[in-house]
Amino acid sequence: SPAPPRSGRPAPPPPPLGAWPICDPTPVRPVGALRVPSVPAALHSGGDDSFLLLDMERQLTLYRGPVGEGARASAIGDVAALPAFAPGVTIARAVCLAATDGQPSKAWLASGGHWDGSLCLSTAHGGGGLRLRLAVHSETVTCVALSRCARYVLSGSLDATALLWDFGRAGLAGLAAPGAEASPRPSHVLRGHGGDVLCVAVSSVLRVCAVASRDGHACLYLLRDGRRVRTFTSPDATPIDAVLLSDAGYVLLSSSAATALHLFALNGQRVWSARLDGGVSCLSLSPCHNALLLGLDTGDVLAWALFDRTPLITYEACPGPVVCLAVSEAHLLVATSTRHVLKYPPPPQAGLLTPGLVVARPPR
C-alpha cells in the first residue's frame, strides 16, 4: 500500500536568485588608513596585521601593526639590487608578491618591467635579497604570475612569448638551498600570439596557465608539457590587459579599452559579460576563489559573486584611482595612486556555498 502522506504544510519552493537583497546598500567605510612614501605597485596581505608593499621606487617594505599612523615599517632588501623599471610598462602587472604559507614571513617577489628585459626573483622576507636574475626574454617583461605553491613562475613579454618556469617540489624556496642551479632555463616557451603579451595567470590546482595579449586572444596551456588546449577571444575585439584563473574552473578576461569583463568556463563557453562605468585597474579573487574583487580608475571597489555578478558588499570609494589590492580571509587592502593604503572588511563569503551560488534568505 502507498505510504500515507506526511502531515504538515509542504515546504515552500526555493526562491529565485536575487529575490531578496543580500547586499546592504550602506557603504562600508575603511577600518584603517595609511599614507605611504611612494605610489604602491604590489601588495601582499597576510592573515595577521602585517602586509608587504612594493612601491614604484622598487622599495619593498613590511608593515606591522594595525593599518594607520601607528604601523611599523621595516625596509627589506636593497633598492639598488633591482634594475630600474622601463618607461611605458604597467608595473602593477609586471610585479607579483606571493607566499608559500600565506604569511609575509615566507614571501617572494617576482619582478619584470626592468629596462634590461630581465626577470628577477627576490626573497621578500628577512633581509631580502636578489636570488636570480633571468635574462631570457628578448624584450621587456610586461607581466608576471606566481602559483600559490610558489613552484611555477610565468612571465610574458613584448616579444609575444611567455616563459614558464618550474622550480620543482621545493618551489622558490629551493633557490636558497645549497647547490641550487645558478642559471635555470624555462621549462616551456609558450607561443601563438600575434601581439605583445600583456597579462598572464597560472593555477597549480587546474594545472594550466593563461596568456593574453594585445591581439585580443587568451590561450590556455598545460603546465605539464606546455601544449595549448584552448583559445578565448575577446568579444569586443580589444586588447586583453588582465586575466584571472579561478580554481573552480573559470577564466576571467578584462579589457580596459572597452571597460568590459568576460567570464568563460574552461570549455570555452561564455558565462557572462559586463560593462563598467570606469576602467578596471586591478582585480583579484578571494581566497576561496568564489568572490571577485575589482578596483576601478574612479576609486570604486566592487565585490561580486564570481559566477553571476551578485553584489556581496558595498565599499566606500577610495580617495583616488585604485592601483592594486590584496584580499585575505581577515581583511581587504586597497592601494591608490594618491599613496593611500586602506583596510576594509573582507567580502562576506558565508553564503557562497558553491562557485557563484549565493543563498539568499527571505526577510522575517
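Everything numeric in this text was worked out from a predicted model, so none of it was measured.

The rules we used
- Residues numbered from 1 in each chain as written.
- Predicted model: local features only at pLDDT ≥ 70, side-chain atom pairs only at ≥ 80, totals over all residues.
- Heavy atoms only, no water.
- pLDDT = per-residue confidence, 0-100.
- Contact = heavy atoms within 4.5 Å.
- Pairing = 2+ DSSP bridges.
- Helix = DSSP H or I, 4+ residues; strand = E, 2+ residues; numbered from the N terminus.
- Axes fitted to C-alpha atoms, helices over the stretch in contact; angles between N-to-C directions.
- Buried < 20%, exposed > 50% of the residue type's maximum accessible area, 1.4 Å probe, protein only.
- Phe/Tyr/Trp six-rings, centres within 6.5 Å; stacked < 30°, edge-to-face > 60°.

1. Re the confidence of the model for the protein
With 85% of its residues at a pLDDT of 70 or more, the protein has an overall mean of 85. Predicted confidence for residues 11-21 stays below pLDDT 50, and this span has eight contacts to residues more than four positions away or in other chains. Every residue in residues 358-364 scores below 50 in pLDDT, and together they form 15 contacts with partners more than four places removed in sequence or on other chains.

2. Some words on the sheet that holds strand S1 (residues 32-35)
Spatially, four strands are ordered S1-S28-S27-S26 in an open sheet, and the strand pairing comes out antiparallel. The open sheet has two free edges, formed respectively by S1 and strand S26 (322-327), since each of these has just one partner strand. For this sheet, the mean inter-axis angle between neighbouring strands, taken without regard to orientation, is 15°. Across four bridges, the pairing between S1 and strand S28 (residues 340-344) is antiparallel. Counterpart to Arg35 in the pairing with S28 is His340.

3. Thoughts on the environment of Thr259
Here Thr259 is to be found in the loop between strand S19 (250-255) and strand S20 (260-265). Classification of Thr259 as partly exposed rests on a relative accessible area of 22%. Expressed as a C-alpha distance, the spacing of Thr259 and Ser281, which sit 22 residues apart in the sequence, is 9.9 Å. Apart from the residues lying within four places of it in its own chain, the contact partners of Thr259 are Ala274, Arg275, Leu276, Gly278 and Gly279.

4. Let's talk about the packing of aromatic side chains
Overall, the coordinates contain five aromatic pairs when judged by the stated rule. Between the aromatic rings of Phe51 and Tyr63, the centroid separation amounts to 5.1 Å while the plane-to-plane angle is 15°, which identifies the pairing as stacked. Of this pair, Phe51 sits in strand S3 (residues 51-55) while Tyr63 sits in strand S4 (residues 60-64), placing them twelve residues apart in sequence. We classify Phe51 as buried; its relative accessible area is 2%. A centroid spacing of 5.1 Å and a plane angle of 65° characterise the contact between Tyr315 and Tyr344, whose relative ring orientation is edge-to-face. Taken together, the positions of Tyr315 in the loop between strand S25 (311-314) and S26 and Tyr344 in strand S28 put the pair 29 residues apart, joining distant regions of the chain. You can call Tyr315 buried: its relative accessible area is 6%.

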